[in-house]
Amino acid sequence: MNEIFTAEEINLMCIYDTSSRGALLSDLKLGLADVYDPDMREIFHTAITKLEALTDTDFSDIGFYIADEYMDDEGAVIGE
């Protein structure tokens, strides 16, 4: 399911409450009010749009972790 979201969107969502789709959507919408950078606003908007299209079941399949934190320079996942 992570292929739906970009690394930037995942990183953004990780700083908010990911315990449920509703909580995350609420946090993103509230946070958007304080964002003035056009590029960041676009990331918020695309993440919100994609989350609104998901079901709660699909949302529960998403693994939330900071993108690139567990990847090497070639994009391969680094083992724990």
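All values reported here derive from a predicted model rather than from experimental measurement. (Residues numbered from 1 in each chain as written. Predicted model: local features only at pLDDT ≥ 70, side-chain atom pairs only at ≥ 80, totals over all residues. Heavy atoms only, no water.)

Colleague: Describe the nonpolar core, and please don't skip the residues or the numbers.
Modeller: Generally speaking, soluble globular proteins have nonpolar side chains that are buried together. Ranked by size, the top nonpolar core spans 17 residues in total, and within it Phe5, Met13, Leu24, Leu28, Phe44, Leu51 and Ile62 carry the most contacts. Elements with a contribution of two residues or more to this core: helix H1 (7-14), helix H2 (21-32) and helix H3 (38-53). Among the elements that make up this core, the one with the highest residue count is H3 (5 residues). Excluding its chain neighbours within four sequence positions, the residues that come into contact with Leu28 are Leu12, Met13, Tyr16, Phe44, Ala47, Ile48 and Leu51. (Core = buried A, V, L, I, M, F, W, Y, C linked by side-chain atoms within 4.5 Å. Buried < 20%, exposed > 50% of the residue type's maximum accessible area, 1.4 Å probe, protein only. Helix = DSSP H or I, 4+ residues; strand = E, 2+ residues; numbered from the N terminus. Contact = heavy atoms within 4.5 Å.)

Colleague: Explain the environment of Phe44 to me, using residue names and the numbers behind them.
Modeller: Looking at where Phe44 falls in the secondary structure, it is placed in helix H3. The sequence separation of Phe44 and Met13 amounts to 31 residues, and the corresponding C-alpha distance is 8.8 Å.

Colleague: Run through the environment of Thr57, naming residues and quoting values.
Modeller: As for its placement among the helices and strands, Thr57 is situated in helix H4 (residues 56-60). Relative accessible area serves as the criterion here: at 55%, Thr57 is assigned to the exposed category. Remark: the alpha-carbon pair of Thr57 and Arg21, spanning 36 residues in sequence, is separated by 9.4 Å.

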